[in-house]
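What follows is the residue order along each chain.
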Amino acid sequence: MSVMDILDKRSAFSFEVFPPKTDVGMEKLCGEGGVIDQLCSLKPDYISCTYGAGGTNVGKNVEVLDKIKQKTIGVTHFTCIGNTKEGIREQLQNYLDHGINHMLALRGDLPFGWTGTGGDLHYATELVKFVRQEFGDKFTIAVAGSPEGHIACRSLEADIAFLKQKQDNGADYIMTQLCWDMDQFRYWLDAIRAAGIWMPVDVGIMPILDQAATINMALSRNGCVMPRALCEIISKNWIFPNPFVKDPFDADVEGKKASFKAAGIEYTINQIDEYRACGINGIHLYALNKYEDVAYIAKEAGLIDNV
């Protein structure tokens, strides 16, 4: 079964994990009874796995996916960064040899100091076309969608045009980038349908658990709008002098962290409700290589059965 088979029948539910840099982290994620085993107990339709800029930890990416595919569908992220055409062929064939035939085709975030991909392909549109030319229908291909427009794109309209090009080049479905602005998401969803983009939309959700991580995710790469309600949660629980300082002088650090996390989880659950009311095709929850918090969110949001 492929992800497309699932999306054709019903809404999907899935997780995203990342390959840890240390052996201890890998054991915690992939070991017997580890996070992947725990996540799979929730019966997700698939689990995707990222890899680092320039493919710096591709080996561990494959190791994580080998574990995932024992229990559910594994989807690998795959970027143009530092990749030659020959290298892409070899890596993707290696994934097929490991029984991994789903991918998220990305340009990839440029490593610090880079001005281009440093490879033979420069955009995800080219990657999708290349994979289809080289491998036919052997891969189910997801592509990123940016409801607020990609930060490197000249306009939202241009970004939608490129998304249509990804579809025309053979992409199967959309996994959206982070978006907290629901009015913007609704506008984007209507706009892509008006542009003739029929691909199913699987919405990426980052649980709001930590102040610094939330701010960093919004501003460092994505340029996300942070709605007033989310800003209020941050402000009411602000850790002085700021949440990025390792040793803050705030006397109530732990209390504020706990209060922020509780409010953030409630915010995440409510946002999932709003997304599902839009008629989207799936929820893709960033697990952050953890179990308890995302399991609670998934259950409270009604994504999985409580029995």
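Structure first, text after, so check above.
So, here is what we can say about the structure in this document. (Residues numbered from 1 in each chain as written. Predicted model: local features only at pLDDT ≥ 70, side-chain atom pairs only at ≥ 80, totals over all residues. Heavy atoms only, no water.)

Considerations on the pattern of salt bridges
Convention followed: Take a side-chain nitrogen of Lys or Arg and a carboxyl oxygen of Asp or Glu: if they are within 4 Å of each other, that pair is a salt bridge. Secondary structure elements follow DSSP: runs of H or I no shorter than four residues count as helices, runs of E no shorter than two count as strands, and numbering proceeds from the N terminus. A 1.4 Å probe rolled over the protein chains alone gives each residue an accessible area, and that area as a share of the maximum for its type sets the label: buried under 20%, exposed over 50%, partly exposed in between.
As enumerated under the stated definition, the model contains 12 salt bridges in all. Note that D183 is salt-bridged to R186, the shortest N-O span being 3.2 Å. Pair noted here: D183 and R186 are both in helix α8 (residues 182-194), with a separation of three residues, about one helical turn. For D183, a relative accessible area of 59% corresponds to the exposed category. Between R228 and E232 there is a salt bridge, with its nearest N and O atoms 3.0 Å apart. One end of the pair is R228 and the other is E232, both in helix α10 (residues 228-236) and four residues apart, which spans about a single turn.

Observations concerning the packing of aromatic side chains
Formally: Within 6.5 Å between ring centres, the rings of Phe, Tyr and Trp (the latter by its six-membered ring) count as paired, and their orientation is classed by plane angle as stacked under 30 degrees, edge-to-face over 60, tilted in between.
Across all of its chains, the model carries six aromatic pairs by this definition. Ring plane angle 90 degrees and centroid distance 5.6 Å describe the contact between F135 and F139, whose orientation is recorded as edge-to-face. Take F135: its relative accessible area is 8%, and that puts it in the buried class. Given a relative accessible area of 2%, F139 falls into the buried group. Measuring from ring centre to ring centre gives 5.7 Å for F185 and W188, while their planes differ by 40 degrees; the resulting arrangement is tilted. Of the two residues, F185 and W188 are both situated in helix α8; the distance of three residues between them amounts to about one turn of the helix. The pair F185 / W188 is uniform in exposure class, with both members buried. Members of the aromatic cluster, each reached through a chain of ring pairs, are F185, W188 and Y275.

Some remarks on the layout of surface pockets
Put simply, the rule reads: The distinction between a cavity and a pocket rests on a 1 Å grid over the protein atoms alone: a 1.4 Å probe fits inside a cavity but cannot get out, while a pocket stays open yet meets protein on both sides within 12 Å along at least five of seven lines, and a residue with an atom within 4 Å of a point counts as lining. Grid points are joined across faces, edges and corners, and a volume is the space filled by probe spheres set on the points. Amino acids are sorted into nonpolar (Ala, Val, Leu, Ile, Met, Phe, Trp, Tyr, Cys and Pro), charged (Asp, Glu, Lys and Arg) and polar (every other residue, Gly among them).
Roughly 360 Å³ of volume is contained in the second largest pocket. Taken together, 20 residues line the second largest pocket, and the ones lying closest to its centre are F13, K43, L303, I304 and D305. Only β1 (12-17) and β8 (282-286) provide two or more residues apiece to the lining of the second largest pocket. Each residue belonging to the lining of the second largest pocket can be placed in one class, and the counts come to eight nonpolar, six polar and six charged.

Regarding the sheet that holds strand β3 (residues 73-79)
Convention followed: Any two strands are treated as partners once DSSP identifies two or more bridges connecting them. To get an axis, fit a line to the C-alpha atoms, keeping to the stretch in contact for a helix; angles then go from 0 to 180 degrees between the N-to-C directions. By the convention used here, residues are in contact when the closest approach between their heavy atoms is within 4.5 Å.
Taken in spatial order, the eight strands close into a barrel running β1-β2-β3-β4-β5-β6-β7-β8, and their pairing is parallel. Taking each pair of neighbouring strands and ignoring which way they run, the sheet shows an average axis angle of 25 degrees. Sitting on the sheet, helix α11 (residues 253-277) touches β7 (201-205) and β8, and the angle it makes with β7 is about 170 degrees.

A word on the state of the cysteines
Heads up, the condition is: Cysteine sulfur pairs qualify as disulfides if the two atoms are within 2.5 Å.
As enumerated under the stated definition, the model contains zero disulfides in all. Take C40: it sits in no disulfide, and the sulfur closest to it among the cysteines is that of C30, at 10 Å. Not part of a disulfide, C224 finds its nearest cysteine sulfur in C179, a span of 6.7 Å.

Brief notes about the packing of helix α7 (residues 156-168) against α8
Rules: In these notes the angle categories are as follows: under 35 degrees is roughly parallel, over 145 is roughly antiparallel, 65 to 115 is roughly perpendicular, and the rest is oblique. Whether a crossing is left-handed or right-handed is set by the direction in which the near helix is turned from the far one by less than a right angle, anticlockwise for left-handed and clockwise for right-handed.
Close contact between α7 and α8 brings their axes to 11 Å; oriented N to C, the two are set at 50 degrees. As judged from the angle between their axes, α7 and α8 are oblique. Relative to α8, α7 is oriented so that their crossing is right-handed. Contact with α7, carried on its side by L156, E157, I160 and L163, involves Q184, Y187, W188, A191 and I192 of α8 and no other residues of that element.

Focus: helix α4 (residues 58-68)
Where α4 is concerned, the buried positions are V58, N61, V62, V64, L65, K67 and I68. Looking at the buried side of α4, the elements it contacts are β1, α2 (23-30), α3 (35-40), β2 (46-49), β3 and α5 (85-97).

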